[in-house]
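Spelled out from the first residue to the last, the chains are:
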Amino acid sequence: MFYKLVCALLALYMKPAYRYEITGKENIPKKGPVILAANHMSYFDPIMIAFVGKPRPVNFMAKAELIKIPLLGRALKALHTFPVKRGLADKGAISYALKVLADGEVLLIFPEGTRHRDGKLGEPFSGVTSMALKTGTPIVPVGIIGTDKVKPKGSKLLKFPKIKAHIGEPIMVEKASAAERKAREAELAAQMMNEIKNLISGER
């Protein structure tokens, strides 16, 4: 209930302020586990992905330091957020993410691992493809456009560009053994990033 309420309140602000537009929602499975893989440029990106996933709630990672802040941490947990320790192979976060998928829910992962405020795609880390291959979960690529212009580097004021999210067709993934995962991860990661690149390239 809290998640739906916050999404509704955010939409009341985001729609007139940023005139956000989402295409391809039919590509998100209506049930079962799914990984949403999106480019990451701004703190506004998780908000857009929450709109992308509607009506299904989206689970996503946040810096462990944020979860430790008393009131903010409680609110983030209520918004399906779980902590991850930056710069480490956080086994706890990985285990929780795998549980989210085992429960048939939606998981958001930014393959680049951090924001790229210049709008350019960075290199993916192996977490997305590894979890997809371990569980046989489809990856739905999402290209976000415009959030890098909300607060450009060096600017102290928010700007109000039009924001878009284009959702690509699911990349179907078959469950693989540990040995098979090592052989297939690089190819799957390249396919995923290429799909995201194609989704945003028409807007640049």
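See the structure shown above.
These notes cover the structure that comes with them. Bear in mind that the values here come from a model prediction, so they are computed numbers and not experimental data.

**Considerations on the environment of Lys162**
Note that Lys162 resides in the loop between β6 (139-145) and β7 (164-167). Taking the C-alpha atoms as reference points, Lys162 and Phe51, 111 residues apart in sequence, are found 15 Å from one another. Sequence-distant contacts of Lys162, defined by excluding residues within four places in its chain, comprise Tyr18, Arg19, Glu21, Ile145 and Gly146. Here Arg19 takes part through its backbone oxygen, which lies 2.7 Å from a polar atom of the side chain of Lys162.

**Re the packing of helix α1 (residues 2-18) against helix α2 (residues 45-53)**
With their axes 11 Å apart at the nearest point, α1 and α2 run at an angle of 110 degrees to one another. Of the possible angle classes, the one that applies to α1 and α2 is roughly perpendicular. α2 is crossed by α1, and the crossing has left-handed handedness. Across from Tyr3, Cys7, Leu10, Ala11 and Met14 in α1, the residues of α2 making contact are Ile47, Met48, Ala50 and Phe51. Across the contact of α1 with α2, the residue classes break down as nine nonpolar, no polar and no charged.

**Looking at a nonpolar patch on the surface**
Where nonpolar side chains cluster on the molecular surface, the patch consists of Leu5, Leu9 and Leu12 and spans about 320 Å² of accessible area. Assignment of secondary structure puts Leu12 in helix α1. A residue is classified by how much of its surface remains accessible, and Leu12, at 63% relative accessible area, is exposed.

**So, the packing of helix α6 (residues 127-135) against helix α7 (residues 178-201)**
Viewed as axis vectors pointing N to C, α6 and α7 meet at an angle of 120 degrees, and their least axial separation amounts to 9 Å. As summarised for this structure, α6 and α7 are arranged oblique, according to the angle between their axes. Seen from above, α6 lies across α7 with right-handed handedness. Taken together, the residues of α7 that come into contact with α6 (itself represented by Val128, Thr129, Ser130, Leu133 and Lys134) are Arg181, Arg184, Glu185, Leu188, Ala189 and Met192.

Scoring rules and cut-offs
Residues numbered from 1 in each chain as written. Predicted model: local features only at pLDDT ≥ 70, side-chain atom pairs only at ≥ 80, totals over all residues. Heavy atoms only, no water. Helix = DSSP H or I, 4+ residues; strand = E, 2+ residues; numbered from the N terminus. Contact = heavy atoms within 4.5 Å. Polar contact = N/O pair within 3.5 Å; in protein donor to acceptor, adjacent residues only side chain to side chain. Axes fitted to C-alpha atoms, helices over the stretch in contact; angles between N-to-C directions. Parallel < 35°, antiparallel > 145°, perpendicular 65-115°, else oblique. Left-handed = near helix turned anticlockwise from the far one by under 90°. Nonpolar A, V, L, I, M, F, W, Y, C, P; charged D, E, K, R; others polar. Patch = residues over 30% accessible without salt bridge, like charges linked within 9 Å, V, L, I, M, F, W, Y side chains within 5 Å. Areas by Shrake-Rupley, 256 points an atom, 1.4 Å probe, with all protein chains shown as cover. Salt bridge = Lys/Arg side-chain N within 4 Å of Asp/Glu carboxyl O. Buried < 20%, exposed > 50% of the residue type's maximum accessible area, 1.4 Å probe, protein only.

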